[in-house]
Structures are given as C-alpha cells and as structure tokens.
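# Fold and contact review
Below, each chain spelled out in residue letters.
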Amino acid sequence: MPKDTILFERNNITIKERSPQSEIRATPLDEITGTITVVESERGIFFRFVPLGLEDVITDDWALINGGHSVVYDKNDGAVSSSPLLKFRYHFNFNDLRSVRRHHMVHGIAHMVFILKDGTTLPAFYFNHGGSKELLQKLAQYLPLEKSTQDTRLYIVKDNLRRDISSQSISAFDQLNLFDNSNDIMKRFQGNDSRRTAIERFSRVTNFLKDTLLGPNELISTTETSDRKFEPNMTALTESLNGDFRESNNDGFEVIYKVDFKKLPDVARGQPLTVKEWQMSFDKDGRIMDVKNLKERIFRGGLESHILRREVWKFLLNYYPWSSTRDERTELIKKRKSEYHTMKVQWKSISEQQKQKNTLFRDRESLIEKDVTRTDRTHEYYEGENNVHVKLLHDILMTYNMYNFDLGYVQGMNDLLSPILVIMEDEIDTYWCFVGLMSRMEQNFHLDQSHIKSQLSNLYTLLQFIDAELAKYLVENNANNMYFFFRWMLICFKREFSFDDVMYLWEVIWTDHVCRNFDLLICLAILISQKTVIMESKFGCTEILKFFNDLSCNLDLDTCLLSAEKLYIQLATHRDIPTSIAKILGLPTGPNQQYHSTIENATYPRKIYTEQPRGTMNLDSSYFRQESEPSLVPVQHETSAAVLNDFFTMTPFQF
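In this text the structure is predicted, and so the values were computed from the model without any measurement.

Each helix and strand in the chain was counted, giving 22 helices and 14 strands. Considering the chain as a whole, with its 655 residues, one finds that 55% of them fall into the buried category. Of the roughly 30,000 Å² of accessible surface on the chain, 47% is carried by carbon and sulfur atoms.

Further remarks concern the nonpolar core. In terms of nonpolar packing, the biggest core is built from 124 residues, with Leu 463, Met 482, Phe 485, Leu 521, Ile 522, Leu 527 and Phe 548 touching the most fellow members. Setting aside its immediate chain neighbours within four residues, Leu 527 contacts Leu 463, Leu 470, Leu 474, Met 482, Phe 484, Phe 485, Ile 534 and Phe 548. In this structure, Phe 8, Phe 92, Met 112 and Leu 139 belong to the second largest nonpolar core, which totals 33 residues.

Turning to the pattern of salt bridges, a few remarks are in order. Per the counting criterion, the structure on display carries 26 salt bridges. One salt bridge connects Lys 344 with Glu 427, and the closest N-O pair in it is separated by 2.8 Å. Separated by 83 residues along the polypeptide, Lys 344 in helix H7 (residues 326–348) and Glu 427 in helix H12 (residues 427–441) bring together distant segments of the chain. Of the two residues, Lys 344 and Glu 427, neither departs from the other in class, the shared state being buried. Salt bridges sharing partners connect three or more residues here, namely Lys 344, Lys 391, Asp 395 and Glu 427.

Moving on: the side chain of Arg 364. The topology assignment puts Arg 364 in helix H9 (residues 359–372). Here Arg 364 sits buried without a salt bridge, and the closest side chain of opposite charge, Asp 406, lies 7.0 Å off (N-O distance). Not counting the four nearest positions on each side in its chain, Arg 364 is found in contact with Asn 401, Phe 405, Asp 406, Leu 407, Gly 408 and Tyr 409.

In this section: the sheet that holds strand E8 (residues 97–103). Judged by pairing direction, the sheet is antiparallel, and its nine strands sit side by side in the order E7-E3-E2-E1-E10-E9-E8-E12-E11 without closing on themselves. A single partner strand is all that each edge strand has here, and the edge strands are strand E7 (90–93) and strand E11 (145–147). Each adjacent strand pair in this sheet contributes to an overall mean axis angle of 25°, direction not counted.

Of all seven residues that make up E8, seven are buried, and the element is covered over most of its length. Looking at chain direction, E8 and strand E9 (residues 111–116) are connected through six bridges and run antiparallel. Considered in E9, the bridge of Arg 101 is made with Val 113. In this sheet, strand E12 (residues 154–157) lies alongside E8 in antiparallel orientation, the contact comprising three bridges. Residue pairing across strands places Ser 99 opposite Ile 156, the latter belonging to E12.

Compared with an ideal rise of 1.5 Å per residue, which puts 16 residues at 22 Å, helix H20 (residues 557–572) spans 22 Å between its outermost C-alpha atoms and is within 8% of the ideal. The buried count for H20 comes to 16 of 16 residues, which makes it a mostly enclosed element.

Among the secondary structure elements, His 394 is positioned in helix H10 (residues 388–403). According to the relative accessible area criterion, His 394 is buried, its value standing at 11%. Apart from residues no more than four positions distant in its own chain, His 394 is found in contact with Trp 347, Ile 368, Glu 369 and Val 372.

With that settled, consider the packing of helix H6 (residues 306–316) against helix H11 (residues 413–424). Viewed as axis vectors pointing N to C, H6 and H11 meet at an angle of 115°, and their least axial separation amounts to 8 Å. Across from His 306, Arg 309, Arg 310, Trp 313 and Lys 314 in H6, the residues of H11 making contact are Pro 419, Ile 420, Ile 423 and Met 424. Of the residues belonging to the contact of H6 with H11, the class tally is five nonpolar, one polar and three charged.

Attention now goes to the packing of aromatic side chains. Across all of its chains, the model carries 32 aromatic pairs by this definition. In this structure an aromatic cluster arises from ring pairing among Phe 484, Phe 485, Trp 488, Phe 493, Phe 497, Phe 539, Phe 547 and Phe 548. Geometry around Phe 299 places Arg 269 over its ring, the cationic atom sitting 5.3 Å from the centre. We note Arg 336 situated over the ring of Trp 432; from NZ or CZ to the ring centre the distance is 4.6 Å.

In this section: unusual backbone geometry. Positive phi, close to 55°, is recorded for Asn 478, a residue that is not glycine. Tracing the sequence through the fold places Asn 478 in the loop between helix H14 (468–476) and helix H15 (486–490). Phi is positive for Phe 493, which is not a glycine, with a value near 65°. Along the chain, Phe 493 turns up in the loop between H15 and helix H16 (499–510).

On average, residues of the chain carry a pLDDT of 74, and 67% of them reach 70 or more. Low pLDDT (under 50) marks residues 22–29, which in the prediction has 17 contacts with non-local residues, meaning those over four places away or in another chain. Note on residues 161–265: pLDDT is under 50 here. Beyond four places in sequence and across chains, it has 203 contacts.

The next thing to look at is helix H17 (residues 518–529). An α-helix turns once per 3.6 residues; consequently, residues spaced three or four apart project the same way. Between its first and last C-alpha, H17 extends 17 Å over twelve residues, near the 16 Å set by a 1.5 Å rise per residue. Those residues of H17 that fall on the buried side of the exposure criterion are Phe 518, Asp 519, Leu 520, Leu 521, Ile 522, Cys 523, Leu 524, Ala 525, Ile 526, Leu 527, Ile 528 and Ser 529.

As a further point, take the packing of H9 against H10. Relative orientation of the contacting elements H9 and H10 amounts to 150°, with a least axis distance of 9 Å. With respect to H10, the axis of H9 lies roughly antiparallel. Classified by chirality, the crossing of H10 by H9 is right-handed. Contact residues: Phe 361, Arg 364, Glu 365, Ile 368, Glu 369 and Val 372 in H9; Val 390, Leu 393, His 394, Leu 397, Met 398, Asn 401 and Met 402 in H10.

With that out of the way, let us pick up the environment of Phe 282. Among the secondary structure elements, Phe 282 is positioned in the loop between helix H4 (275–279) and helix H5 (291–301). Phe 282 gets classed as buried once you look at its relative accessible area, which sits at 19%. Here the alpha-carbon distance between Phe 282 and Thr 325, two residues 43 residues apart in the chain, equals 9.1 Å. Not counting chain neighbours up to four residues away, the residues in contact with Phe 282 comprise Arg 287, Ile 288, Met 289, Phe 315 and Arg 329.

Moving on to the pairing of E9. Look at any regular strand and the pattern is simple: side chains alternate between the two faces of the sheet. Within E9, six of the six residues are buried, which leaves the element mostly enclosed by the surrounding structure. Bridge analysis of E9 against strand E10 (residues 125–127) gives two bridges, and the strand direction is antiparallel. Opposite Met 112, over in E10, you have Phe 125 as the bridge partner.

A few words now on the environment of Trp 278. By secondary structure assignment, the location of Trp 278 is in helix H4. Residue classification places Trp 278 among the buried residues on the basis of a relative accessible area of 5%. Excluding anything up to four places from it in sequence, Trp 278 contacts Leu 273, Ile 288, Leu 294, Leu 308, Glu 311, Val 312 and Phe 315.

A few words now on the environment of Ser 454. With respect to the helices, strands and loops of the structure, Ser 454 is situated in helix H13 (residues 450–466). Sequence separation between Ser 454 and Asn 481 is 27 residues, and the spatial gap between their C-alpha atoms is 10.0 Å.

Conventions adopted
- Residues numbered from 1 in each chain as written.
- Predicted model: local features only at pLDDT ≥ 70, side-chain atom pairs only at ≥ 80, totals over all residues.
- Heavy atoms only, no water.
- Helix = DSSP H or I, 4+ residues; strand = E, 2+ residues; numbered from the N terminus.
- Buried < 20%, exposed > 50% of the residue type's maximum accessible area, 1.4 Å probe, protein only.
- Areas by Shrake-Rupley, 256 points an atom, 1.4 Å probe, with all protein chains shown as cover.
- Core = buried A, V, L, I, M, F, W, Y, C linked by side-chain atoms within 4.5 Å.
- Contact = heavy atoms within 4.5 Å.
- Salt bridge = Lys/Arg side-chain N within 4 Å of Asp/Glu carboxyl O.
- Lys, Arg positive; Asp, Glu negative; His and termini not counted.
- Pairing = 2+ DSSP bridges.
- Axes fitted to C-alpha atoms, helices over the stretch in contact; angles between N-to-C directions.
- Expected span 1.5 Å × (residues − 1).
- Nonpolar A, V, L, I, M, F, W, Y, C, P; charged D, E, K, R; others polar.
- Phe/Tyr/Trp six-rings, centres within 6.5 Å; stacked < 30°, edge-to-face > 60°.
- Lys NZ or Arg CZ within 6 Å of the ring centre and 35° of its normal.
- pLDDT = per-residue confidence, 0-100.
- Parallel < 35°, antiparallel > 145°, perpendicular 65-115°, else oblique.
- Left-handed = near helix turned anticlockwise from the far one by under 90°.

Now the structure itself:
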C-alpha cells in the first residue's frame with residue numbers, strides 16, 4: 001500500500017477552546033497545541049491537525065469529531081484509553097473546503113479559520129512560529145482560490161473559477177465587479193442597459209465614488225509554483241460622501257448605503273459598575289436616587305462582581321421595585337418567603353396516588369428531573385454526583401410549575417434558571433428573580449411558538465431595511481425564516497457565549513436602556529458581520545444553520561454590543577424610518593419625532609479594538625475599530641488603504 005506523502009507540516013500550532021462555562025476556571029484544555037500536516041494519499045489531499053500527545057494514537061479512521069470523549073487505541077501497547085483531546089483532532093479533504101480566512105497582524109500571531117462546504121467552521125489555528133502564508137500557498141496549488149473583494153482576508157474556493165488570468169490591467173469599474181458579479185451591491189445599476197449607459201447612470205450619483213484607481217482583482221492561480229506572493233494589487237480608493245445615497249428595493253423598504261450623522265455621539269463600552277458606586281446611589285431611606293443613570297451605567301459596562309449582581313439583579317428582575325425603600329424591601333422579603341414555602345408545600349404534599357391521576361403533573365416532573373441532571377454540569381457550581389445545587393434547580397422549577405401551571409415547565413427554562421442560582425446562592429431569592437425573568441420571556445415558551453416566530457420575522461424585517469442584498473440571498477436559499485437564530489432567541493444567547501459573558505449580556509439587556517428588542521440588533525450585527533462568508537461561500541439553509549451553531553463561544557461580546565448599538569443609533573436617527581421598523585424598536589412613530597441621545601455626556605473609557613481578540617473568529621475588520629464618530633465618512637487621518645478596506649467591508653452599515 002503506497003505511503004502517504006506529506007506536502008506541508010508545521011509544529012507549535014495552537015487552537016483555543018472557549019468553554020461555555022466559567023472562564024475563571026482555567027483548564028489544561030483552554031489552549032491545545034499540535035501539528036498541522038497536509039497529506040496526499042490515494043483518496044485525495046487532506047488537512048490534518050493532531051494535538052500533542054496523540055501522535056501515536058489511532059482510531060479506525062479519521063473523523064471530524066465535534067465533542068465528547070472518545071475511546072482510542074495506542075499504537076505502542078494496544079491499551080484502550082479515553083482521551084479528551086481527541087475531539088480536537090481535525091481532518092478534512094481539500095475538496096470539502098469552502099473558504100479560508102487568514103488573519104495577519106504586523107505585531108501579532110497570524111491565524112487561519114477553515115470553513116467547510118457543509119457550514120462546519122473549525123476553530124482558529126494560531127501559527128506561533130509562522131507558516132500561515134506557506135499553508136495558504138499550498139492550498140492555492142491544489143484549489144481554485146479567489147480573494148474576496150469584500151474582505152481581503154477571506155479566500156473562497158470557486159467551483160468554476162476562470163483559470164486564465166488576463167495580463168492586461170482591469171479598469172476600476174471592472175475591479176468593483178459592477179456588471180459581472182451578482183453579489184456586488186452595485187450591480188443593480190446595470191439593468192438592461194449597456195456598460196457605457198450604466199456607467200453614465202452611476203456617474204450621476206454625486207460624490208459617491210471619486211478618483212477611483214484600482215488594480216486587477218487578485219486571483220490566486222492553481223499552478224504548482226511554490227514561491228507565489230499573495231499581495232493585493234490595489235491602490236487607493238477615496239470617498240467623498242457628503243450627502244445621502246438611498247435606493248428603494250422591491251419590498252418597499254429603503255436601503256441605507258450612507259447616512260452622515262455629524263452630531264452622532266461616541267458609542268462606547270465602559271467600566272463595570274462598582275460596589276462603591278452602587279452604595280452611593282441610595283438616599284437616606286434606601287431609595288435609588290437616579291434610576292435612569294444607574295441603568296445606563298449597567299448597560300455600558302455591566303456589574304463588577306457576583307456579590308454586586310446578587311443585589312442588583314433583584315432590581316433588574318423586578319423582585320425589588322426600583323422605587324422601594326429599605327424598609328419596604330425588608331417587608332417584601334418576608335412576604336415572598338412565606339409565599340414561596342406555601343407553593344412548595346403544595347407540590348411536595350402530592351401523593352404518588354394523586355400523581356398517577358394527573359398525567360400532566362407527572363410528565364412535567366419527569367421532564368424537570370431529566371433536564372436538571374444535565375444542566376451546566378461542567379460548571380463548578382453544579383459538578384459532581386449528588387450536587388445539592390442540582391436539587392435546588394429541581395425544587396425551584398417544580399415550584400414555578402405550580403405558580404404558573406397554565407404554562408408549566410418547558411425545556412429551556414433550566415438554562416435560564418441556572419445562572420440566577422449561581423449568583424443568588426439562595427433558593428427563595430433565586431425563585432423570585434426567576435419569576436421576574438420569566439415575566440419577560442414567558443412568551444418564548446408558548447406551545448405554538450408564535451412569539452419566537454414573530455421575533456424572527458421582525459429580525460428579517462430589520463435586515464430587509466438595512467441590507468436588502470443579504471435579505472434577498474436568504475430568501476433565495478430558503479433561510480429567510482431565520483431559524484438559525486431560534487436557539488439564540490429562545491434562551492437569550494445562553495449557549496452562544498461563555499457563562500460569565502452570558503451574565504454580563506443579560507444584565508445589559510435587562511436594563512432596557514437603549515430600546516425595545518435590543519437582542520434582535522445583537523443578532524443582526526452578528527449576521528451582517530458574517531455576510532461575506534455566507535454569500536461568497538454560497539451557503540444554503542443547512543450550511544447557514546451549521547455555520548451559526550459553530551459560532552457558539554467564538555464571538556467577542558463587547559464587539560457585538562458596540563455594533564448593535566451603532567445599528568440602533570443609525571436606525572433611530574434615520575429621517576425616513578418605516579413605521580414597522582419603529583414599532584419593532586419602540587421608536588416614536590408620530591410626525592417630527594426626533595431621537596435624543598441618552599449617552600451625550602458619557603465619559604466612560606472606550607474599548608478600541610486594533611486587532612482581533614484572541615479566540616474570536618470571523619468578524620469583519622470594521623468590528624474592531626472604534627472611531628470618534630461612527631459615520632461612513634472616512635476620517636482624515638486614515639490611509640487610502642484603510643479607506644479601501646472600509647469600503648469593501650461595509651455591508652452597507654459600517655460598524
């Protein structure tokens with residue numbers, strides 16, 4: 001049998017595993033170091049990543065393993081062992097690759113992200129000793145790669161790539177693919193006219209593109225040359241965007257390409273609210289003096305500790321009224337304690353004989369027992385056999401089942417309850433905070449799922465107004481139902497971010513500081529950031545679903561919050577916003593209504609992302625740059641290259 005030929009090999013490659021549980025508990029599996037090889041065999045050319053320690057471990061065959069422990073065999077002694085590292089052993093055929101994204105900073109470690117044709121997204125591979133460029137060159141030898149014009153770091157495997165590259169330069173408008181690329185946002189100018197007529201129409205758009213000088217679209221050939229250089233053959237692109245450029249789509253929504261907000265305030269994340277700030281927010285009677293300012297502080301930076309959350313969450317979840325005094329809260333605690341014990345006694349006193357005659361109660365109890373035993377069991381608060389906190393989850397959910405028997409218990413409620421118990425560490429306080437949370441989210445768990453479907457429909461409505469091109473693509477691929485966000489909406493991102501990030505995100509959302517349905521804008525910001533990958537990879541409905549599932553715990557939360565708020569401000573300040581959009585976000589719909597910024601005097605420190613956070617994947621470069629004014633007009637100090645990059649990454653909002 002012919003031996004496999006190694007075409008490429010690089011050691012000291014690192015992948016970062018971000019657990020959905022507490023980030024505080026560092027484990028040896030937080031970073032996994034191994035070796036990448038490209039191997040040619042009779043079956044084809046394969047990419048392989050093997051973690052250190054598994055070099056002599058074999059299985060029946062290579063497989064892409066998505067999770068869990070696996071039983072493997074050691075070559076040396078044949079002993080059977082269980083290795084948690086095996087799920088980080090990756091392998092795929094070159095023919096299954098859809099795209100690759102290479103991130104390279106001047107001062108930083110380059111990394112690559114591979115996306116397969118079925119939507120599977122592998123973790124980011126960090127090349128600690130270099131080699132990412134050489135691997136990209138090796139891919140180009142065997143695959144028809146084309147650099148995306150929308151994202152210069154993204155390379156798409158073209159199914160029918162034209163391999164003959166003209167030696168003549170391509171004009172600026174050809175470089176923009178105004179007429180030949182159906183994915184380009186400018187193609188709508190073509191219509192049925194000739195190229196000359198279309199360019200004449202295009203020239204009528206005042207100050208949209210001026211002095212455009214571009215080189216040929218860089219295509220990576222598939223020749224065997226190993227020393228090819230991968231440098232974009234592009235020069236400067238400058239923009240003069242002094243007015244509004246709008247166009248209506250066939251759905252009646254106005255597509256926003258450029259809105260100039262000269263008085264737009266800074267959008268910034270801030271430092272967490274401290275215990276000292278919290279203590280100083282009360283008057284002598286224990287009443288909060290400035291609720292609006294306090295909510296804004298929480299929205300900007302969250303809360304600094306679990307100890308502080310234990311108190312503030314009671315207000316955010318309406319256990320305590322915001323206007324209550326210290327004495328009123330003391331009396332409320334006594335009342336709630338008595339009410340809880342009364343309801344708990346009710347279900348505990350039901351005999352086995354009574355349960356046999358109440359199928360609904362029996363089925364719900366059985367479902368709760370099954371769900372709590374698998375709720376966040378890798379978190380330190382719930383790990384181990386006979387964990388008392390798991391028993392508390394059970395009792396609280398059973399009591400809520402009695403409290404709201406019409407709704408009862410539905411799977412997913414356990415996910416919402418778990419972080420609250422971790423914070424409160426008290427059964428009664430946890431229960432009443434959970435009741436407050438369910439008053440916000442109860443509609444998510446109705447049997448007909450009408451509310452979730454309505455929210456997903458609202459999300460698509462927002463997308464139509466902001467990015468009609470992406471909305472149309474989803475329709476063409478039967479993905480406009482937005483079901484790939486179903487889990488995100490159902491349990492409020494509980495499984496999409498780390499455990500600590502989820503608590504931070506929840507308290508931000510609970511403030512209701514910016515607008516109604518802020519969670520929709522978070523989803524929208526993430527979706528738009530992935531537009532280039534989705535469209536240029538030609539993902540269908542199934543691939544999109546798989547792709548977004550793989551984003552779990554691979555997103556930077558502050559980045560998402562910044563982008564969502566910018567989307568809101570751009571919508572809220574738009575002078576022609578449709579009534580349907582205004583109602584979704586709770587904006588005024590009457591004539592001459594104006595948005596008044598609530599962050600005009602904000603002085604909190606800003607996060608400025610100059611490079612991609614480690615462990616974060618697939619976010620557009622515009623996600624990681626916070627300018628003094630979130631406008632589409634380039635600032636004076638930007639280089640022409642930076643302006644060019646911004647133009648090709650806006651979709652059409654720039655974050």
